[in-house]
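Breakdown of the fold
Here's the letter readout for the chains.
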Amino acid sequence: MSANPYPLGLRLAGRRVVVVGGGAVATRRVPALLDADAEVLLVAPEVTPALRAHVDAGRLHWRPRRFAPEDLDGAWLVQVAVDDPLAAAGVSAVAAERRIFCVRADDRAAATAWTPAVTRHGPVTVAVLGGGDPRRAMGVRDAVRELLTAQAGAGAGPVAAGADVGPPAPVGSGGAVTPPAGPVGRVALVGAGPGDPELITVKGWRLLTEAEVVVADRLVPGLLLDELRPDVELVDAAKIPYGPSRTQEEINRILVDRALAGKVVVRLKGGDPYVFGRGGEELLACAAAGVPVTVVPGVTSAIAVPAAAGVPVTHRAVAHEFTVVSGHVAPDSPASLVRWEALAGLRGTLVVLMGLKNLPAITATLTRHGRDAATPVAVVQEGTTGAQRSLRSTLGTVAADVAGAGLRPPAIVVIGDVVDALAG
C-alpha cells in the first residue's frame, strides 16, 4: 500500500473482462466496462434486474453459478464484486496465478488493481486515485468535473428548477403531519434523462454526489452509477417490463425508511420523474411521513429520443401539437385510460411510450378509427445511447416491420408527418 499505483488507460474493446458477483457493486461497475466495449463475462448464481436486462439485450454473457477457475480463461481483467472475503480471495488467487489484474470490491489492499473515481466530459475521461482513500479521490474528481464544465462555457446547460416540496398533510388526514422525532433526512426525485449520462441536469448530478442512498430504476444511465461514492447504498429498483420488479409500495417504504434514518436519498429515475415515472406517488408517500422532497425535472425521452433520431415532435406547417401517451395497456383493455379513437382524429404528432408489446393493437385501433395507414412512423430503440436503433415505416406496416427487425424495449414510437419533416 506504500507504493504509488501506476496509472493506465486500459483499451478493453473486444477483450474479455470477468465480473464475479451479480449484486449492487456489479450493477455499478458493468456499465463502464460495456461503455469500453469490453467482452464482459458475468459469473454469479443470481443477478440484479438491471444486470439481467443487459444479459437479455445480449450485451454480456452470464454463467449462473459460482466462480470456477476456468472462468478466467482468456481474461484480461477480473473484477470481484462479492462481499464474501473467502470467495473473493479464491478468485484473486486464481487471477494472480495467471497474471491477470484483479480489482477487489471487498479489500483494496488485497487487489492488484484499483477502480478510480471517474468523470467523463465528452471525449475526456478523468480518473483519480486517492492513495487508497475513496473520499479523497471523489472530492478531487468532483472538483475536476466542475472545472471541465466551467471551461465548456456558461452554455454547459441550464440548471433544473428543482422545487423543494415540503411535507403537506396526507390525503384525507384532515390535519398537518407531525414531524418524526430526531433528525430527518431528505429525498430528491431526480430525472436522469433518456439514456445518455451527459443529459442529466447539473442539479441532478450534484444531488447524486451528495447522496448516501440511491434508489435507481433500470433505465437510468449506468455510467452515473459508476460515479457514485463507494459507500453509497445502491438499491436496484429496476422494473423490467413484464418481469421481476419491486412493488411501488416497497420503493415508497425504502425512500421513507432511509430518510427517517437521517439519510440523503436520491430516487434516480429514467427520463422525468413525473412522466409515467410514478414520482407523484413517491412524493405523496414521503409527504405523509413528514419527509421533505426535492423534485428535479429530467429530460424526457418523449421529446429527446425522437430528436436524437432526427425527428422533431413539432415542425412549422407540419404539426402544431404533439401528444404523449403510454401504451403499456392494450387499447381494448378495461384498464386503459386512453381514448384511442380520439387520438386517431388528431392531425399532430403522437408519441407512444412503453407501447412495443401492444403495437399491433395500437396501430390497428388507430387505423380503424380513421388514422391513415400511410401515416409515417418512426420507432427508436434505446435512444441517445450507443445502442440506439431506428426504424422508419408506416402505420399500416410498422408492427410487422418492428417484429422483423427484432426491435425490443425500451423503444419509443412516433406517429405523424413529422417523421419525414427533415428527410432529405
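Our structure is the block above this text.
Residues numbered from 1 in each chain as written. Predicted model: local features only at pLDDT ≥ 70, side-chain atom pairs only at ≥ 80, totals over all residues. Heavy atoms only, no water.

**A closer look at the overall build of the protein**
When helices and strands are tallied, the protein shows twelve helices and 18 strands. Rg of the C-alpha trace for the protein: 23 Å, near the compact-globule value of 22 Å for 424 residues, within the 12% margin. Structurally, the protein occupies a C-alpha span of about 75 × 55 × 45 Å along its principal axes. When each of the 424 residues of the protein is scored for burial, the buried share is 47%. Sequence separation of 24 or more characterises 64% of the internal contacts of the protein that already satisfy a separation of 6 or more. Here the protein has roughly 20,300 Å² of accessible surface; of this, 56% comes from carbon and sulfur atoms. Positive and negative side-chain charges in the protein, numbering 41 and 41 respectively, have mean positions lying 1 Å apart. (Helix = DSSP H or I, 4+ residues; strand = E, 2+ residues; numbered from the N terminus. Rg over C-alpha atoms; globule rule 2.2 N^0.38 Å. Buried < 20%, exposed > 50% of the residue type's maximum accessible area, 1.4 Å probe, protein only. Contact = heavy atoms within 4.5 Å. Areas by Shrake-Rupley, 256 points an atom, 1.4 Å probe, with all protein chains shown as cover. Lys, Arg positive; Asp, Glu negative; His and termini not counted. Charge placed at Lys NZ, Arg CZ, Asp CG, Glu CD.)

**Focus on the pattern of salt bridges**
Summed over the entire model, instances satisfying the criterion amount to 24 salt bridges. Note that glutamate 282 is salt-bridged to arginine 267, the shortest N-O span being 3.0 Å. Remark: arginine 267 occurs in strand S12 (residues 264-269) and glutamate 282 occurs in helix H8 (residues 279-288); sequence separation between them is 15 residues. One exposure class covers both glutamate 282 and arginine 267, and it is buried. Here the salt bridges share partners, and the residues they tie into one network are Arg29, Arg120, Arg145, Asp226 and Glu227. (Salt bridge = Lys/Arg side-chain N within 4 Å of Asp/Glu carboxyl O.)

**Observations concerning empty space enclosed by the protein**
Overall, the coordinates contain one cavity of 30 Å³ or more when judged by the stated rule. Space inside the largest cavity adds up to approximately 60 Å³. Looking at the largest cavity, the residues that line it are Met138, Arg141, Asp142, Trp205, Leu208, Thr209, Leu224, Glu227, Leu228 and Arg229. Where the lining of the largest cavity is concerned, the elements lending two or more residues are helix H4 (134-151) and helix H5 (202-210). (1 Å grid on protein atoms, 1.4 Å probe; cavity = no way out; pocket = protein on both sides within 12 Å on 5 of 7 lines; lining within 4 Å. Points joined across faces, edges and corners; volume = space filled by probe spheres on them.)

**Considering the environment of aspartate 133**
Its place among the elements puts aspartate 133 in the loop between strand S7 (124-128) and H4. The class of aspartate 133 is partly exposed, set by a relative accessible area of 29%. Expressed as a C-alpha distance, the spacing of aspartate 133 and valine 380, which sit 247 residues apart in the sequence, is 42 Å.

**Quick look at the packing of aromatic side chains**
In this description, an aromatic ring pair is defined by two values, namely the gap between the centres and the angle between the planes. All chains considered together, the criterion is met by zero aromatic pairs. Lying across the ring of tryptophan 76, arginine 15 places its NZ or CZ 4.6 Å from the centre. Arginine 108 extends its terminal NZ or CZ atom over the ring of tryptophan 114, reaching a point 4.2 Å from the ring centre. (Phe/Tyr/Trp six-rings, centres within 6.5 Å; stacked < 30°, edge-to-face > 60°. Lys NZ or Arg CZ within 6 Å of the ring centre and 35° of its normal.)

**A short note on the nonpolar core**
By size, the foremost hydrophobic cluster in this structure holds 20 residues, and its most contacted members are Leu350, Leu366, Val379, Val402, Val413 and Ile415. Residue assignment for this core shows that the elements contributing at least two residues are helix H10 (340-344), strand S15 (349-353), helix H11 (359-368), strand S16 (376-381), helix H12 (398-405) and strand S18 (411-415). (Core = buried A, V, L, I, M, F, W, Y, C linked by side-chain atoms within 4.5 Å.)

**Comments concerning the packing of helix H1 (residues 24-35) against helix H2 (residues 49-56)**
With their axes 9 Å apart at the nearest point, H1 and H2 run at an angle of 30° to one another. In terms of orientation, H1 and H2 fall into the roughly parallel class. In this structure, H1 crosses over H2, and the sense of that crossing is left-handed. When H1 is examined against H2, the residues Ala26, Thr27, Val30 and Leu34 are found in contact with a partner set consisting of Ala50, Leu51 and His54. Residues of the contact of H1 with H2, tallied by class, amount to five nonpolar, two polar and no charged. (Axes fitted to C-alpha atoms, helices over the stretch in contact; angles between N-to-C directions. Parallel < 35°, antiparallel > 145°, perpendicular 65-115°, else oblique. Left-handed = near helix turned anticlockwise from the far one by under 90°. Nonpolar A, V, L, I, M, F, W, Y, C, P; charged D, E, K, R; others polar.)

**Brief notes about H2**
Along H2, the positions that sit buried rather than exposed are Ala50, Leu51, Ala53, His54 and Val55. Elements that come into contact with the buried residues of H2 comprise H1, strand S2 (39-43), strand S3 (61-63) and strand S11 (233-236).

**Things to note about the sheet that holds S16**
Strand order in this open sheet of five strands is S14-S15-S18-S16-S17, and the pairing throughout is mixed. One side of each edge strand has no neighbouring strand; the edge strands of this open sheet are strand S14 (322-326) and strand S17 (389-394). This sheet shows a mean twist of 20° between the axes of neighbouring strands, independent of strand direction. Against the sheet, helix H9 (residues 301-308) makes contact with S14, S15, S16 and S18, and its axis sits at roughly 80° relative to S18, the strand it touches most. (Pairing = 2+ DSSP bridges.)

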